[in-house]
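# Structural description and commentary
These are the residues of each chain, in order.
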Amino acid sequence: MSERLPGELPDEWEDLGRADASELAPPAGAKERVQRRVAVTLGLGAGFLAATAAGSSAAAAGLGGAGAAGGAGAAGGGTGAAATGLAGALLVKKLLVMGVVAAVGVGGGTAAYLEVRSERARSRAPVVTPPPAPAPVARPVAPPVPEPAPAEAPVDTLGEERGLLDGARQDIARGKLPEAGALLDRHAAEFPSGQLAEEREALVIRLLLREGREREARSRAQRFRQLHPRSIQLPGIDDALRERR
Amino acid sequence: MGFPDDTAFAAAYDTEFEAVWLYLRRLGVPEADVEDAVHDVFVVAHRRYGTYDRARPLRPWLLGIAFRIAAQWRRRHRLEVPVAQPEREFPDDARAPDEVVASRQASRRLHAALARLDIDQRAVVVMHDLNGIPVPEIASALDVPLNTVYSRLRLGRAKITAALRGEP
């Protein structure tokens, strides 16, 4: 531990930190799921994805200086992961084509294959009080995503983009469909080829389904599939379309 | 200016993913949103790599970006009624039930104490007292004067100590 000059902390602090690091540790598959999304957003290829496929997530993320911190489930990752490294990397390349991502088990070096599903459909927290759903409105929804985003998008707009889409997603979950549409339209107007354009289109399709505009949703989904056949958003879109059926 | 090559970026992702995740969680980003936030941190890091001083360690710089993403998240969500977080299930948890309970209680205790800190103090205390990052690196990562970091650390620690002792 580094200097502890200004004020002391109670003795239990380090134990609390260690317990907390294991409680909040990322669930299985999260690292690979996020990695794939980062790759899509930045337009990175197999060089980025395959390079870490066999890596263990044993990074010391807990208490600095307290060696065992953050180590829940990280023990023994080294040798096992190294042994399966090559096979893991090759499999990842193959499986990515199929829209599946490989997660190399941290503990024993075993490989578990996790479908990339709609990460949001599963993980969003429940909504507090859904207001009554308003009637569908005849609103022109943002045009489909143009071809891939430019490689050097301005850095500072990501937060703004995230804010718009975050708001839209919550509005959809709460049944505030016109508000959601307004946010999506704003995103499409301000960031037509933005860093999160694919996420926007997936939300638009979801919104159309909620508004009962199923034919439009399906045709946009089809177009999305043609433009982005390997998008991480596709499984979520498919889930939404299936639920509708 | 992005990372020099994909392999270097991949190595950074591999080593730092968990630390970034945990830092965001400790700054109050809920589990439901943390994947989005981690994504944003690494996207920004990749694009900002040109501003990274390679004489300095990588983790504080990344956590500095994570702090900004967490602060943005809080601004967006400050008007919302907090929603109870469902307890995560650990189907493969090999620990004894009482260990699981004790660990969960310890985690809650820590977060109840952290909740008394404003986000600036929290950013500093977590970086220093949970990640073990030295004060000068924190000052550089957050782009604030050294004395400000010390002051936030002192105030934050006093609040945490009071909370853990059950003082108001």
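See above for the structure.
To start, this report covers the structure provided alongside it. Numbers given to residues run from 1 along each chain, matching the order in which its sequence is written. Here the convention is simple: chains get letters from A, ligands get numbers from 1, in the order in which they are written. Residue-level local features of this predicted model are given only where pLDDT is at least 70; pairs of side-chain atoms are given and counted only at 80 or more, and the full residue set underlies all totals for whole chains, interfaces and linings. Processing note: side-chain calculations cover all non-hydrogen atoms of the structure and skip hydrogens and water entirely.

In this text, helices come from DSSP runs of H or I with a minimum length of four residues, and strands from runs of E with a minimum of two, each type numbered from the N-terminal end. The number of helices and strands found in chain B is seven helices and zero strands. When its helices and strands are written in sequence order, chain B yields α-α-α-α-α-α-α. Split into buried and exposed, the 168 residues of chain B put 55% on the buried side. Any pair of residues with heavy atoms lying within 4.5 Å of one another is described as a contacting pair. Long-range pairs, those at least 24 residues apart, make up 68% of the contacts in chain B with a sequence separation of at least 6. The accessible surface values rely on the Shrake-Rupley method and a 1.4 Å probe; as for residues, cover is taken only from the protein chains in view. Total accessible area computed for chain B in this model is approximately 7500 Å², and 54% of it derives from carbon and sulfur atoms. Three exposure classes are used, based on accessible area relative to the maximum for each residue type with a 1.4 Å probe and protein chains only: buried under 20%, partly exposed in between, and exposed over 50%.

Another aspect to go through is the overall build of chain A. Scanning chain A from terminus to terminus reveals eleven helices and two strands. When its helices and strands are written in sequence order, chain A yields α-α-α-α-α-β-β-α-α-α-α-α-α. Burial status across chain A gives 50% buried among its 245 residues. When contacts within chain A are restricted to residue pairs at least 6 apart in sequence, those whose partners lie at least 24 apart make up 68%. For chain A, the computed accessible surface area is about 11100 Å², with 58% contributed by carbon and sulfur atoms.

Ranked by size, the top nonpolar core spans 93 residues in total, and within it Trp13(A), Phe48(A), Val20(B), Tyr23(B), Leu24(B), Val38(B) and Ile160(B) carry the most contacts. If sequence neighbours within four positions are ignored, Leu24(B) has contacts with Val29(B), Val34(B), Ala37(B), Val38(B), Val41(B), Ala66(B) and Ala70(B). Definition of nonpolar core: a set of buried residues of the types Ala, Val, Leu, Ile, Met, Phe, Trp, Tyr and Cys, connected through side-chain atoms within 4.5 Å.

A few words on the packing of helix H5 (residues 119–130) of chain B against helix H6 (residues 135–142) of chain B. Residue and element names in this part refer to chain B. Whenever a helix is involved, its axis is fitted only over the stretch in contact; in every case the axis is a line through C-alpha atoms, and angles between N-to-C directions fall within 0 to 180 degrees. At a minimum axis distance of 10 Å, the contact between H5 and H6 shows a crossing angle of 140°. It follows that H5 is oblique to H6 by the angle criterion. For the pair H5 and H6, the sense of crossing is right-handed. Contacts from Ala123, Val124, Met127 and His128 in H5 reach Val135, Ile138, Ala141 and Leu142 in H6. Class assignment of the residues belonging to the contact of H5 with H6 gives a composition of seven nonpolar, one polar and no charged. Should an angle fall under 35 degrees it is taken as roughly parallel, and over 145 as roughly antiparallel, whereas 65 to 115 is taken as roughly perpendicular and any remaining angle as oblique. Handedness of a crossing follows from how the near helix is turned relative to the far one, being left-handed for an anticlockwise turn of less than a right angle and right-handed for a clockwise one. When residues are grouped by polarity, Ala, Val, Leu, Ile, Met, Phe, Trp, Tyr, Cys and Pro land in nonpolar, Asp, Glu, Lys and Arg in charged, and all others, Gly among them, in polar.

Each helix should span, by expectation, one fewer than its residue count multiplied by 1.5 Å. With 18 residues, helix H2 (residues 31–48) of chain B should cover 26 Å at 1.5 Å per step; its first-to-last C-alpha distance of 26 Å lies within 8% of that length. H2(B) sits mainly inside the fold: 16 of its 18 residues count as buried.

Moving on, we get to the packing of aromatic side chains. Here is the rule: rings of Phe, Tyr and Trp (six-membered ring for Trp) pair when centre to centre is within 6.5 Å. Planes less than 30 degrees apart are stacked, more than 60 are edge-to-face, and the remainder are tilted. Under the criterion given, the structure shown has nine aromatic pairs over all chains. Pairing Tyr13(B) with Phe17(B) gives two aromatic rings, centres 5.4 Å apart and planes at 40°, and the pair type is tilted. You can see Tyr13(B) and its partner Phe17(B) sitting in helix H1 (residues 6–26), four residues apart, about one turn around the helix. Residue Tyr13(B) shares its accessibility class with Phe17(B), and that shared class is buried. Through successive ring pairs, a cluster of aromatic residues spans Phe48(A), Phe9(B), Tyr13(B), Phe17(B), Trp21(B) and Phe42(B).

Limitation: the analysis is restricted to geometry and does not speak to function.
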